[in-house]
Every structure is written in structure tokens, then in C-alpha cells.
Amino acid sequence: MSKIRVLQWGLGAMGGGMARLMLEKEGLEIVAAVDARPDFVGKDLGAVLEVGRTLGVTVTSDADSVLEKDKVDLVLLATTSWTKEQMPDLRKILNAGINCISIAEELAAPEAQNPDLAQELDDLAKRNGVSLLGTGVNPGFVLDLLVVALSGGCHSVERIEASRVNDLSPYGPTVMKTQGVGTTPEAFKKGVAEGSIVGHVGFPESIRMISDALGLGVDRIEETREPIISRTHRETRHVKVAPGMVAGCAHIGIGYRGAREVVKLIHPQQVRPELENQETGDYIHIYGKPEIHMAIKPEVAGGLATVGIAVNMIPHVVAATPGVKRMIDLPAPAALMGPTAYARRV
Ligand code: NAD
């Protein structure tokens, strides 16, 4: 079996984890690595990943120098959340004739918020005979693909409600800022109005995927973001929250068909939820025939699962027909545990 040759682009918390995981996979080989960080550039990838051995791959900030389709089968892209911001890099990858998996949240269903860019990407991918997938734990798995899969035995579905209650404590300063953690309730409201506090990125993408897969006909999506105000002192490595301050963002996205609410996704994210006896978990309720209720406690670990699903989808994306793909368009993800897992897919 020949190995799938992967270029890891972005070596931060997620991209670094993907590279480490790929080192354990017999069917995958990291052939190049790109990151803009000056302290990474020029170093051997093994040193950047701190794996205690040399890997013979030098990290570069010059993607053009390593985007060669004869040497690379797929790029794993872990740099940003936004389609628009990722476009220059995506254009380079697709024009080089190389497949790509991105964990940018908006790319999970790029047509949801950027239909023109999604069309451009689809055209580019098809013209170059390659495929592009957006995935991750959420969007990409918990609040969309799992929902879709759970409906697989239903005769009919009237309404779906799903929630992901998670702990933001492991995350860094950027996430604290975009979730409004540590601010006053007034500053939170102002941040939401100005767009600096965004909460979760991915509801339009997840709702779009669920609606398209089941044929629910969602024609309007509304989102609300409310501050989770702490009653206790909460603290992480990056933030301190006094009682009365904001510990997180309770974000809700609702998809309507006409006046009818058909998909409701609820995602309260906060630091140290256990201090107020809030258990974490993922919950999916499908109201229809039959009614289905699923609970996963605690939550599917976000960082680990994002790294896992991006790597596990590699053979599916290499084998896919050209174009932009969403998780609902490809075969089900599964852990890559041995040769048959590759052989089945490629
Ligand atoms: P991070 O900040 O730890 O790492 C990003 C890395 O990319 C950094 O090393 C940075 O130097 C590099 N980088 C950024 N832009 C670059 C460019 N154009 N060229 C080369 N290098 C570049 O972030 P992270 O925690 O690894 O997350 C990466 C992105 O993935 C974030 O936007 C995050 O929101 C998203 N994400 C999505 C999901 C999901 O479920 N879909 C889950 C986790 C993270």
C-alpha cells in the first residue's frame, strides 16, 4: 500500500496535534509543513512538534515552494475560521492540483455564508480535479453529522433540538476574547453588537447541512448570543472571572421553514462550568417517528476530536470526486486503525 502524502499547513494547537497523530498512522506520511511563525520556520518539524526525533521535514513559510502535486496528495489546513481569510491559501492549493481538508468553521458548508466564494472554490476544485472538505468537531461532527446519522432510521422528522454544553477552560486568549469571557455584561452586549464577540462559529453551516441532508427546507436562520454571568469566582490560566462578570456565551441558532422552527442548536460555552455544577455533554433530540434522544457525557473532547476527524477523513477526501464536499457528502468518518481502513476508502 502506498502512503498518502500530506502537507500540514498550520502548526498551532490543532495543526500540531494533527501532525503528531499522522506520525502514528502507517498509511500517512507528512512530506511538508507550512507555518508563518518565525520561531517555527527553518526548524525540523520534529523539533516544532517536540516529538524527540528528527523528521526530515523543514518547516517553511513559503507554501509555493512545497505545493507540488507530484509530491503531495493532500493539504491539511489549520490556520483560521473564516472562508474569506483562507481564500488566498485555498486558491493556491487547488490551483496546484492538490486535495485539501480545512478545519475553518465556515468551510464546513461554505455556501451558507459565502455562496460566491463557495462557487469559486467548487469551480476551482473541479477544474483541477481535486476535492476540498471543511470539517472539525463542530461544525463538522457533533451538531450536524451526528444529528443527520441519528435520523437515519426515522420515518419522519418534525423538529430537531441539539445542544453542546462544553468547557472553554483549556483554550487561549483569542477564544476568551471572541466568547467575551472576563468582560462585564455591558461590554459583552457591546462586543456582540460590534462583532468582536462572536460566540460559536458554525451554526449557519450546521443548520444548512442538517436541512439539506434531511430535506427540511430551512429558509431562515436566526442567532442569539447571551452572556453567561458567573455567580462564583472562576479562573483559568488565561482569564479571571469575578462574580457578576461574564463566564461565557450562551449561543443559540434556530433554523425556520416559514414560521416553523425546525432545527434549534444550543451551545453554551463557558470556563469552569463545574464550579456551578454544570455538567458538560452533547445532546441530540429528534422529534418525529420514532422520537430519538441521545446524550454523550461528558462532551466529545473538542480539540482531540477535531484533530482526529481531520486526519481520519484524509483517505475519503483523496478518493472523493472533484469539488467542494461537506461531511454529509462523503462516507461516514471512522478511526483509521489499520490497512483495511485505507484500502476501503482509497
Ligand atoms: P492556533 O492559533 O493555535 O494555530 C494557528 C496556526 O496557523 C499558527 O501557528 C499560525 O502561525 C498559523 N497560520 C495562520 N495563518 C497562516 C497562514 N496563512 N499561513 C501559514 N500559517 C498560518 O489555532 P488552532 O487552535 O490550531 O485553530 C486553528 C483554526 O481552526 C481556528 O480558526 C479555530 O477556530 C479552527 N477550529 C475549528 C474547529 C472545528 O470544529 N471546525 C475546531 C477547532 C479549531
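The structure we're discussing is the one just above.
The structure contained in this document is the topic of the report that follows. (Residues numbered from 1 in each chain as written. Predicted model: local features only at pLDDT ≥ 70, side-chain atom pairs only at ≥ 80, totals over all residues. Heavy atoms only, no water.)

1. Things to note about the site of the ligand
Then step 1. Around the ligand, the surrounding shell holds 21 residues, and the nearest of these are M14, D35, S81, E105 and N138.
Then step 2. Contact between the ligand and D35: an oxygen atom at 2.6 Å from a side-chain N or O atom of the residue.
Then step 3. Interatomic distance of 3.0 Å between a side-chain N/O atom of D89 and a nitrogen atom of the ligand.
Then step 4. Surface burial for the ligand is 71%, taken as the share of its 860 Å² of free accessible area covered by protein chains. (Near = heavy atom within 4 Å. Polar contact = N/O pair within 3.5 Å; in protein donor to acceptor, adjacent residues only side chain to side chain. Areas by Shrake-Rupley, 256 points an atom, 1.4 Å probe, with all protein chains shown as cover.)

2. As for the packing of helix α1 (residues 13-23) against helix α9 (residues 302-312)
Then step 1. Where α1 contacts α9, the axes come no closer than 9 Å and their chain directions differ by 55°. Of the possible angle classes, the one that applies to α1 and α9 is oblique. As for how α1 packs across α9, the hand of that crossing is right-handed. Every residue of α9 that contacts α1 at M14, G17, M18, L21 and M22 is listed here: G303, T306, V307, G308, A310 and V311.
Then step 2. Counted by class, the contact of α1 with α9 contains seven nonpolar, four polar and no charged residues. (Axes fitted to C-alpha atoms, helices over the stretch in contact; angles between N-to-C directions. Helix = DSSP H or I, 4+ residues; strand = E, 2+ residues; numbered from the N terminus. Parallel < 35°, antiparallel > 145°, perpendicular 65-115°, else oblique. Left-handed = near helix turned anticlockwise from the far one by under 90°. Contact = heavy atoms within 4.5 Å. Nonpolar A, V, L, I, M, F, W, Y, C, P; charged D, E, K, R; others polar.)

3. Quick look at the nonpolar core
Then step 1. In this structure, L76, I101 and I314 are the most contacted members of the largest nonpolar core, which totals 36 residues.
Then step 2. At the level of elements, β1 (4-9), α1, β2 (28-34), α2 (45-49), β4 (74-77), α9, α10 (314-319) and α11 (339-343) are the ones that each hand at least two residues to this core.
Then step 3. Within the second largest apolar cluster, 26 residues are counted, among which are L67, V75, L77 and L124. (Core = buried A, V, L, I, M, F, W, Y, C linked by side-chain atoms within 4.5 Å. Buried < 20%, exposed > 50% of the residue type's maximum accessible area, 1.4 Å probe, protein only.)

4. A look at unusual backbone geometry
Then step 1. Cis peptide bonds are those with omega within 30 degrees of zero, and the linkage from N138 to P139 qualifies with 5°.
Then step 2. You can see P139 is positioned in the loop between β6 (131-134) and α5 (145-150).
Then step 3. Backbone geometry at E50 places phi at a positive 55°, although glycine is not the residue there.
Then step 4. Relative to the assigned elements, E50 resides in the loop between α2 and β3 (59-60).
Then step 5. We note that R272 has phi near 45°; this positive angle belongs to a residue other than glycine.
Then step 6. Examined against the element boundaries, R272 turns out to sit in the loop between β12 (260-270) and β13 (281-289).

5. What to know about the environment of L216
Then step 1. Looking at the element boundaries, L216 is found in the loop between α8 (203-214) and β8 (220-229).
Then step 2. The buried category is assigned to L216, whose relative accessible area is 6%.
Then step 3. Residues L216 and G308, spaced 92 residues apart in sequence, show a C-alpha to C-alpha distance of 29 Å.

6. Here we look at the sheet that holds β8
Picture the strands of a sheet paired through backbone hydrogen bonds; they go either parallel or antiparallel.
Then step 1. Pairing in this open sheet of six strands is mixed, and the strands run β8-β11-β12-β7-β13-β14 from one edge to the other. Of all the strands in the sheet, just β8 and β14 (292-296) have a single pairing partner and so form its edges. Going from strand to strand, the sheet's axes swing by 10° on average, the running direction of each strand aside.
Then step 2. As defined by bridge partners, β13 adjoins β14 across five bridges and the pair is classed as antiparallel. Within β14, the position partnered with I286 by the bridge is I292.
Then step 3. Against the sheet, helix α7 (residues 185-194) touches β8 and β11 (246-257), its axis set at about 160° to β8.
Then step 4. Against the sheet, α8 makes contact with β7 (156-167), β8, β11 and β12, and its axis sits at roughly 145° relative to β12, the strand it touches most. (Pairing = 2+ DSSP bridges.)

7. Considerations on the sheet that holds β2
Then step 1. The parallel open sheet is built from seven strands, whose spatial order is β3-β2-β1-β4-β5-β6-β15. Both edges of this open sheet fall to β3 and β15 (323-325), since each of them pairs with a single strand only.
Then step 2. As defined by bridge partners, β1 adjoins β2 across six bridges and the pair is classed as parallel. By the bridge assignment for β2, W9 is matched with V34.
Then step 3. Together, β6 and β15 form the strand contacts of helix α4 (residues 115-128), whose direction differs from that of β15 by roughly 120°.

8. A short note on α7
Every α-helix carries 3.6 residues per turn, so stepping three or four residues along brings you back to the same face.
Then step 1. P185, F188 and G191 are the residues of α7 that are buried. For α7, the angular spread of buried residues about the axis comes to 115°, placing them on one side. Exposed side chains of α7 directed beyond 90 degrees from the buried face belong to E186, K189, K190, A193 and E194.
Then step 2. Directly after α7, the chain includes G195, whose backbone phi takes a positive value near 90°. (Arc of directions from axis to C-beta.)

9. Details of the pattern of salt bridges
Then step 1. For the coordinates displayed, the defined rule picks out 20 salt bridges.
Then step 2. In this structure, K71 and E68 form a salt bridge, with 3.6 Å as the shortest nitrogen-oxygen distance.
Then step 3. On the accessibility criterion, K71 (47% relative accessible area) is partly exposed.
Then step 4. Where R220 meets E222, a salt bridge forms, and the shortest distance between an N and an O atom there is 2.5 Å.
Then step 5. Using a relative accessible area of 35% as the deciding quantity, one classes R220 as partly exposed.
Then step 6. One salt-bridge network, held together by shared partners, links E111, R208, D212, R326 and D329. (Salt bridge = Lys/Arg side-chain N within 4 Å of Asp/Glu carboxyl O.)

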